[in-house]
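Close look at the chain arrangement
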Amino acid sequence: MRGLILSSSTLALWLTAAPLLSADTAQQSATMQAHTEHEEHSAHEHGVGSLSIAVTNQTIEIQLDSPAANVFGFEHEPSSEADQTTVAEISAKLQAGLDLFEFDQDAQCKLEKAELTTDSEHSEDQTDAKAHEHAAENETPTHRDITVNWLFSCEQPSALKTITPHLFSQFNGFEKLEVKWVTDQHASAKTLEQDEAITLAP
Ligand SMILES: [Zn+2]
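Attention here is on the structure that accompanies the text. Given the structure is predicted, the values throughout are model-derived calculations rather than measurements.

**Focus on the overall build of the protein chain**
- Check the secondary structure of the protein chain and you find seven helices and eleven strands.
- Per-residue burial for the protein chain yields a buried fraction of 29% across its 202 residues.
- For the protein chain, the share of sequence-separated contacts (at least 6 apart) that also reach a separation of at least 24 residues comes to 67%.

**A look at the environment of Phe 168**
- Mapped onto the fold, Phe 168 is located in helix α7 (residues 167–170).
- A sequence separation of 25 residues divides Phe 168 from Glu 193, and the C-alpha atoms of the two residues are 8.0 Å apart.
- Apart from residues no more than four positions distant in its own chain, Phe 168 is found in contact with Phe 174, Gln 194 and Asp 195.

**Observations regarding the sheet that holds strand β11 (residues 198–199)**
- Taken in spatial order, the three strands make up an open sheet running β3-β8-β11, and their pairing is antiparallel. With partners counted over all chains shown, the strands left at the sheet margins are β3 (101–103) and β11, one partner each.
- Note that strand β8 (residues 162–165) and β11 share two bridges and pair antiparallel. What sits directly across from Ile 163, in β11, is Ile 198.

**Concerning the pairing of strand β10 (residues 187–192)**
- Direction of pairing for strand β9 (residues 176–182) relative to β10: antiparallel, over a ladder of six bridges. The residue of β10 that forms the bridge with Glu 178 is Thr 191.
- The loop that links β9 with its antiparallel partner β10 comprises four residues.

**Notes on the pairing of β9**
- Of the two faces of β9, only one is covered, namely that formed by Leu 177, Val 179 and Trp 181; the face formed by Lys 176, Glu 178, Lys 180 and Val 182 stays uncovered.
- Pairing of strand β1 (residues 48–56) with β9 involves seven bridges; the strand directions are parallel. Pairing of Val 48 across the sheet is with Lys 176, part of β9.

Criteria and cut-off values
- Residues numbered from 1 in each chain as written.
- Predicted model: local features only at pLDDT ≥ 70, side-chain atom pairs only at ≥ 80, totals over all residues.
- Helix = DSSP H or I, 4+ residues; strand = E, 2+ residues; numbered from the N terminus.
- Buried ≥ 20, exposed ≤ 12 C-beta atoms within 10 Å, placed from the backbone.
- Contact = placed C-beta atoms within 7 Å.
- Pairing = 2+ DSSP bridges.

Read these as spatial facts, not as claims about activity.
Written out as structure tokens, the structure is:
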């Protein structure tokens, strides 16, 4: 039954582009807000996603910005039943963050919350109002981006040495993931082309 409830709210989310867990939004930490505020709108390139990781004290905040196609396999309005099932299933998977990120076991990290937002679809040529009409008829490619925020907390943060994203194995659409991370002592970046551990300290 829980799955059913999730799928209908997820679908509403896709259609309205409203935050899924809106009640929690106001309580997001400063770091997470900072991420959202200067949302870098990197070029919409299928296959490419960016991951920002902030490790502070006992929490790990992770933000994924990606074309929707990388995870859902499409970006059009989910009209068919098959599309809607896909949206529901993938949304649930995105929110079960512990399958998507692996932490050192001794750190005892658990998922606190996850939030998925999708922007409204945008056509290739937004200067032309006609482009949107055509987009609805699938004559012009339309695009959609997603942002997913996860918040984890760890019982033993000192044991946290690595974070391994499993986005390549969990989703079909990723070819490249631009990962940036920051801890109390260190900040770095790396481009991944497969699931691979990120070592937090140099
Ligand atoms: Zn696209």
